[in-house]
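# Residue-level structural notes
So you can see what is in the structure, the chains are spelled out below.
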Amino acid sequence: MKIAAGQCRNLRGVSVPSTLKIGPFAVDPPVVLAPMAGITNVAFRQLCRQYGAGLYVCEMITARALVERDAMTMHMITFDEGESPRSMQLYGVDPRNVGEATKMIVDENLADHMDMNFGCPVPKVTRKGGGAALPYKRELFRQIVRAAVRNAGDMPVTVKFRIGIDDDHLTYLDAGRIAQDEGAQAVALHARTASQRYSGKADWSAIARLKEAVTSIPVLGNGDIFSAQDALDMVAETGCDGVVVGRGCLGRPWLFRDLQAAFRGEPIPEGPNLGEVAEVLSRHARLLAAHDGEHKGLRDLRKHMAWYWHGFPVGGDTRRAFAMVSSLQELDDLIGTLDKAVPFPENAEGPRGRQGSSAKVVLPEGWLDDPEDATVPSGADLMHSGG
């Protein structure tokens, strides 16, 4: 196997990236926790840090909401005392709002790294020209990235996007080149189109093509990393400089421990038994309670339950009880009923989280008429953070 520039062989003889640098920050292992709405709050990021993620990105923050100091948004940008670098993902469609938000982040020392969201496929976002729809408008995309970079000072700015709107409207190569030209410190590609959403297979060959087109900054790959071997395979197939992990770590923050071992060429640890998973769940619950209060924190935990028990022989009644848990004591009592010696099952690996099916992307009227039109779409700068 040919070793790409900036790569080395790990102890297993596999070509892997040397330590990833994003601006002044070394990301070791070269693994990024993807920002996920309703998931990557300070509690979940603490769990992932415990297991060895290299960079941990918070939930999507809307530029306009940040500038207007929306109370929910200000709560969402909470970082743990030991979290470094503090990484925030910013969403915006108006260069002026993005510039103001970036300047606020720098002036008030709210984060150390900023990632820009151009990958969201959700209809409420794309129908207003945001998220994965926006890179089609090349000049507007350029102005937004430029506004962020110019107001960021020494804070590194990275850009995440998808392959395109659909198979007939691919945007990723132009987006990568523009981001590089405007001073972004790295780009990340979710190797699906917006029309795919989270369905089907990610096209890793697009990551390889982006790596060939973008040569002066790191290129990260995202899509279908559900195991440590998947990450090694992506690097081997594409030559990317690092990987971004999203759905693969849902209910499984120890995936980052496995990834760390894989990139170092060390044996992959055995999966945790049911008792160990329950301990992780309990810690997650207490971190959420500390962040949001017990009632709200436990309510937020409910969506994670099926992911934690994925593949384990936990009965339907017990699963339903966990999914309705409302207090730490109730959670502890339910955990006490589990057979903690049950080993980690083979079928606990593999895809998890939302998948759905492909669909036509909802766009503003006339959106595809002129890719050079830099007009800011009306009403697109949502106030609500988090996706």
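Residues numbered from 1 in each chain as written. Predicted model: local features only at pLDDT ≥ 70, side-chain atom pairs only at ≥ 80, totals over all residues. Heavy atoms only, no water.

## Topic: the side chain of Arg 86
Turning to its location among the elements, Arg 86 is positioned in the loop between helix H3 (71–76) and strand S7 (87–91). For Arg 86, a relative accessible area of 17% puts it in the buried group. At a separation of 2.7 Å, a polar atom in the side chain of Arg 86 contacts the side chain of Asn 109. (Helix = DSSP H or I, 4+ residues; strand = E, 2+ residues; numbered from the N terminus. Buried < 20%, exposed > 50% of the residue type's maximum accessible area, 1.4 Å probe, protein only. Polar contact = N/O pair within 3.5 Å; in protein donor to acceptor, adjacent residues only side chain to side chain.)

## Thoughts on the domain arrangement of the protein
Under the domain assignment, the protein is made up of domain 1 (20–264) and domain 2 (274–337). If you look at the interface, domain 1 gives 16 residues, while domain 2 gives 13 residues. Buried area between domain 1 and domain 2, both sides added, is near 1,300 Å², and the carbon and sulfur share of it is 68%. Taken as a group, Leu 47, His 75 and Gly 251 account for 31% of the area that domain 1 buries against domain 2, more than any other trio of residues on that side. At the boundary of domain 1 with domain 2, the tally comes to 0 salt bridges. Counting across the domain 1 and domain 2 interface gives 4 residue pairs in polar contact (both at pLDDT 80 or more). Counted by class, the side of domain 1 that touches domain 2 contains 9 nonpolar, 7 polar and no charged residues. (Domains from an automatic or database assignment. Contact = heavy atoms within 4.5 Å. Buried area = accessible area lost by both parts, 1.4 Å probe. Salt bridge = Lys/Arg side-chain N within 4 Å of Asp/Glu carboxyl O. Nonpolar A, V, L, I, M, F, W, Y, C, P; charged D, E, K, R; others polar.)

## Quick notes on the packing of helix H9 (residues 228–238) against helix H10 (residues 255–264)
In the contact formed by H9 and H10, the axes pass within 8 Å of each other and the chain directions differ by 45°. For the element pair H9 / H10, the angle class is oblique. Once H9 is placed against H10, the crossing between them reads as right-handed. Residue-level contacts link Ala 228, Ala 231, Leu 232 and Val 235 of H9 to Leu 255, Asp 258, Leu 259, Ala 262 and Phe 263 of H10. Class assignment of the residues belonging to the contact of H9 with H10 gives a composition of 8 nonpolar, no polar and 1 charged. (Axes fitted to C-alpha atoms, helices over the stretch in contact; angles between N-to-C directions. Parallel < 35°, antiparallel > 145°, perpendicular 65-115°, else oblique. Left-handed = near helix turned anticlockwise from the far one by under 90°.)

## Brief notes about the UniProt feature "binding site: FMN" (unreviewed entry) in the protein
UniProt records the feature "binding site: FMN" (unreviewed entry) for Pro 35, Met 36, Ala 37, Gln 89, Lys 160, His 190, Gly 246 and Arg 247 in the present numbering. If you trace the backbone, Pro 35 turns up in the loop between strand S5 (31–33) and helix H1 (42–51). Tracing the chain through its elements places Ala 37 in the loop between S5 and H1. (UniProt positions renumbered as here; feature names shortened; annotations may be inferred.)

## Considerations on H1
Summarising burial for H1: 8 of the 10 residues are buried, a large majority. Close packing links the buried residues of H1 with S5, strand S6 (55–62), H10, helix H11 (274–292) and helix H13 (305–308).

## Brief notes about the UniProt feature "active site" (unreviewed entry) in the protein
Mapped onto the present numbering, the UniProt feature "active site" (unreviewed entry) falls at Cys 120. Looking at where Cys 120 falls in the secondary structure, it is placed in the loop between strand S8 (113–118) and helix H5 (123–126).

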